[in-house]
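Fold and geometry: a report
Single-letter residue listing:
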Amino acid sequence: MNTAREQILKRIRDASGSLPASRESESEGLVREYRTIRTLNLDARLDLLVDRLHDYGAMVYRCAEPGLNQAVASVIAGRAKSALLIPPDLPKTWLPEGFRFRSDRELTYSEMDASEGVLTGCALAIAVTGTIVLRHSSGEGRRTLTLIPDYHLCIVRANQVVETVPEGIREMARFKGVPLTTISGPSATSDIEMTRVQGVHGPRILDVILVE
Amino acid sequence: MSVRVGEAARAPDFPRAAQHLLGNTQLRHNVRQATNVIRRKRASVVEELPDWQALREAGRQIKQHTLRHLDFYLEQFELACTRAGGHVHWARDADEANQIVISLIQARHAAEVIKVKTMTSDEIGLNAALEAAGITPYETDLADLIVQLGEDRPSHIVVPALHRNKLEIRQIFMEKMGLSDLGDRPEDLTNAARRYLREKFLRVSVAISGANLAVADTGSVCIVESEGNGRMCVSLPEMLITLIGIEKMIPTFQDLEVFLQLLPRSATGERMNPYNSIWTGVTPDDGPREFHVILLDNGRTSVLSQQESRDTLNCIRCGACLNACPVYRQTGGHAYGSVYAGPIGAILTPQLQSMEHSQSLPYASSLCGACYEVCPVKINIPEILIDLRGEVVERGDAPFSERAVMKAAAFALEKPGRFSAAQALARVAQVPFERDGVIRHLPGQLGGWTAVRDLTAVPKRSFRQWWRERTRGNLA
């Protein structure tokens, strides 16, 4: 017998008293007059995303689809890295020659911790807030894969970019039950004298390649 | 039933605690500095959104709706979370919640836990209960770590260590982390915390979290954070225990679109905070294999039963009202004697305790309304403060001096003759206490009134007298 549960529910019912309307009709009547639709065209939307990502201190590179693996090569070479972790189902066409990519098949936390970084795609991005959404699955990896390494290179495609938060959440609602992480710039803290310090526990450096 | 809000039941009255803290210029400087920064950032990102007022209204309506049907939404959450492999527990009060947490940890024979910032755990005194049971809790939020290692108390909902400056923090870290050398730049201190905590993240197998939002229709939980310690705690350990105040429910996943706009802009002045984690039960091969939710009442249903003040439960713990409050900005958080400080603390703390403790808190406000203006879910805090003051008076818990003064005022104001007589009397009686037109201390029982306020002395001539004389002069 679960007495705590029954008691709490009873107290709530006693407190609510008689209700003026049914839950369903009340729920439908909630006023939502905030913006839910986009107003910018694709170019302006992408520019806004890039601007926001820069604002968070993330580096953004733009390239066309055929040049993606070359862009990956130049970004990671620019960071002086030679090997990155990748989720199991990352498209092989993204990977340039001359670097080592290790797929996450039961990597230990220590192996992730010792790595040079991780390369993933994303589920979508939200321009207004500069947010990247990871849907943790075989394409974007389990949660720890994009958390423990100190460097994250994320590929965002133009057709994954929405403008507003409501558009983004409505997309995310379709990924029922899958763990989600939203990333808006590298980890940061302002806990000490309100001075923003970038890079606390998550990856300290976030690079983004925007594929148009 | 033992509803407990930290140590609030034993804390000194606000005026007494505040008087002591007002002498601490370092603390006041830090608080002013920090709240100024957040206020400025908040104002600029709020201004960016043309639909901010519409978002606030939606936030208010969704919260009020959820609270009206809270029994339904809690059961819906329980069902969805359980289906997704989570375990849901219910706790009536602080002791019951602490006991559930301790039994879960002991069942795994664990002696250590990592924790991600949860106000709710401070509310129920979880750390003390864990330590008493031989379990070591490690706070992983940087500010909470500073507070924990400094054997201190949090002073702000969002930035709990804003009362500490970097030199103090350096001292605490060197001592408690056993470091022989450490720089004093925020970067150095943050790096020290990263190294200290990383080892714990990778090793400790049980984590405790709170929740910013709990989604009824999907059984999902959302944690809003900046540092990545939240992500660490919810995805590395084998077992995760999440403590959720029952008012944290929202009906649908889609409702996140409102609160994930309101919360970051109000709390830290960011368009979006660096990280949000949203998860549902357990996921094979990703994250904890065992997930427990504790739904906590601890006085919330008693707040719910008060029609005039139940909007208090709309609160999403953004802390904007603290930063805006002229009283909080002078005293800092410790004066409130509660884990919930500032305007929201002044209405939440006494109500959670059924108005039996912390009766001085509804008076810790000038009723200027700045808190209401910035509240992302439109809680009319000034109105609730007045309502609670009424309740304190009705219960006969108002301070003696205040009751005496109010009684005397009622008598004097009843008839114009009595009022002039009182003025004449006061003009004579105030002489020994007046200096430069101000009275700072009244004698005897009336001293209670001037302990927390200065009085303007009664002028030599009243307006009515002046008017009479002026009119006569004109006629002459």
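Residues numbered from 1 in each chain as written. Chains lettered and ligands numbered in written order. Predicted model: local features only at pLDDT ≥ 70, side-chain atom pairs only at ≥ 80, totals over all residues.

**Focus: the nonpolar core**
If you look at the biggest cluster of nonpolar residues, it comprises 184 residues, and the most contacted ones within it are Ala125 and Val156 of chain A together with Ile294, Leu295 and Cys321 of chain B. Of all the elements, helix H12 (residues 256-267) of chain B adds the most residues to this core, at seven residues. The contact partners of valine 156 of chain A, leaving out residues within four places of it in the chain, are Cys122, Ala125, Ile132, Val161, Val208, Leu210 and Val211 of chain A. (Core = buried A, V, L, I, M, F, W, Y, C linked by C-beta atoms within 7 Å. Buried ≥ 20, exposed ≤ 12 C-beta atoms within 10 Å, placed from the backbone. Helix = DSSP H or I, 4+ residues; strand = E, 2+ residues; numbered from the N terminus. Contact = placed C-beta atoms within 7 Å.)

**Some points on helix H1 (residues 3-16) of chain A**
Compared with the 20 Å implied by 1.5 Å per residue over 14 residues, the 20 Å span of H1 of chain A between its first and last C-alpha is a close match. When H1 of chain A is considered as a whole, its buried residues turn out to be Ile8, Leu9, Arg11, Ile12 and Ala15 of chain A. Down the axis of H1 of chain A, the smallest arc covering the buried residues is 155 degrees, so these residues share one side. H1 of chain A presents Thr3, Glu6, Lys10 and Asp14 of chain A as exposed residues on the side facing more than 90 degrees away from its buried surface. For H1 of chain A, the elements touching its buried residues are helix H4 (70-83), strand S1 (87-91) and helix H13 (300-304) of chain B. Positive backbone phi, approximately 65 degrees, marks glycine 17 of chain A, located one or two places after H1 of chain A. (Expected span 1.5 Å × (residues − 1). Arc of directions from axis to C-beta.)

**Details of the sheet that holds strand S9 (residues 180-183) of chain A**
The mixed open sheet is built from eight strands, whose spatial order is S8(A)-S5(A)-S6(A)-S9(A)-S9(B)-S6(B)-S5(B)-S8(B). Of all strands in the sheet, those with a lone pairing partner are strand S8 (161-162) of chain A together with strand S8 (249-250) of chain B, marking the two edges. Across two bridges, the pairing between strand S5 (residues 124-126) of chain A and S8 of chain A is parallel. Each residue of the ladder has a partner; that of alanine 125 of chain A, found in S8 of chain A, is valine 161 of chain A. (Pairing = 2+ DSSP bridges.)

**Brief notes about the environment of isoleucine 62 of chain B**
Here isoleucine 62 of chain B is to be found in helix H3 (residues 52-68). Taking the C-beta count within 10 Å as the criterion, isoleucine 62 of chain B has 22 such neighbours and is therefore assigned buried. Sequence spacing of isoleucine 62 of chain B and valine 377 of chain B is 315 residues, and the spatial spacing of their C-alpha atoms is 9.1 Å. Setting aside residues up to four positions removed in sequence, isoleucine 62 of chain B forms contacts with Leu30 of chain A together with Ile250, Pro251, Asp255 and Val258 of chain B.

**Description of the packing of helix H9 (residues 166-177) of chain B against helix H10 (residues 186-203) of chain B**
How two helices sit against one another is set out by the angle between their axes and by the gap between those axes. Residue and element names in this part refer to chain B. Running from N to C, H9 and H10 cross one another at 30 degrees; their axes reach a closest spacing of 10 Å. Judged on the interaxial angle alone, H10 and H9 are roughly parallel. Between H9 and H10 lies a crossing of left-handed hand. Note on element contacts: H10 touches H9 through Pro186, Leu189, Ala192 and Tyr196, opposite Lys166, Ile169, Arg170, Phe173 and Met177. When its residues are assigned to classes, the contact of H9 with H10 shows seven nonpolar, no polar and two charged. (Axes fitted to C-alpha atoms, helices over the stretch in contact; angles between N-to-C directions. Parallel < 35°, antiparallel > 145°, perpendicular 65-115°, else oblique. Left-handed = near helix turned anticlockwise from the far one by under 90°. Nonpolar A, V, L, I, M, F, W, Y, C, P; charged D, E, K, R; others polar.)

**A closer look at the interface of chain A and chain B**
Put simply, an interface is often sized by how much accessible area is lost when its parts join up. If you look at the interface, chain A gives 62 residues, while chain B gives 69 residues. Contributing elements (two or more residues each) for the side of chain A that touches chain B: H1, helix H2 (23-28), helix H5 (109-114), helix H6 (165-172), S9 and strand S10 (188-189) of chain A. Broken down by element, the residue count for the side of chain A that touches chain B peaks at 11 residues, all from H1 of chain A. In terms of residue class, the side of chain A that touches chain B is made up of 25 nonpolar, 20 polar and 17 charged. Strand direction decides the pairing type here: S9 of chain A and strand S9 (residues 275-280) of chain B, joined by four bridges, are antiparallel. Bridge assignment links threonine 182 of chain A to a residue of S9 of chain B, and that residue is asparagine 276 of chain B.

**Details of the environment of histidine 357 of chain B**
All names here are of chain B. The residue histidine 357 is located in the loop between helix H16 (342-352) and helix H17 (370-374) in this model. Remark: the alpha-carbon pair of histidine 357 and histidine 89, spanning 268 residues in sequence, is separated by 28 Å. Contacts of histidine 357, omitting those with residues within four sequence positions, involve Ala8, Ala9 and Pro350.

**Quick notes on helix H5 (residues 94-107) of chain B**
All names here are of chain B. With 14 residues, H5 extends 20 Å from end C-alpha to end C-alpha; this agrees with the ideal 20 Å at 1.5 Å per step. Where H5 is concerned, the buried positions are Ala94, Ala97, Asn98, Val101, Leu104 and Ile105. When H5 is viewed along its axis, its buried side chains cluster within an angular range of 130 degrees and face the same direction. Residues Ser103 and Ala107 are exposed on H5 and point more than 90 degrees away from its buried face. Of the surrounding elements, those touching the buried residues of H5 are S1, strand S2 (112-115), helix H7 (126-132), strand S4 (206-209), strand S7 (239-245) and strand S10 (290-296). Histidine 109 sits one or two positions beyond H5 and adopts a positive phi of about 55 degrees.

**Description of the confidence of the model for chain B**
In the predicted model, chain B carries a mean pLDDT of 92, and 99% of its residues have values of at least 70. Two summary scores accompany this predicted model of the complex, namely pTM at 0.92 and ipTM at 0.96. (pLDDT = per-residue confidence, 0-100.)

**Side note on the sheet that holds S10 of chain B**
All names here are of chain B. Pairing is parallel in the open sheet, where six strands are placed in the order S1-S10-S7-S4-S2-S3. Each end of this open sheet is capped by a strand with a single partner; those strands are S1 and strand S3 (136-139). Pairs of neighbouring strands in the sheet enclose a mean axial angle of 25 degrees, with direction left out of account. Relative to S10, S7 runs parallel, the two being bridged by seven bridges. Note on S10: the bridge partner recorded for threonine 242 is valine 293.

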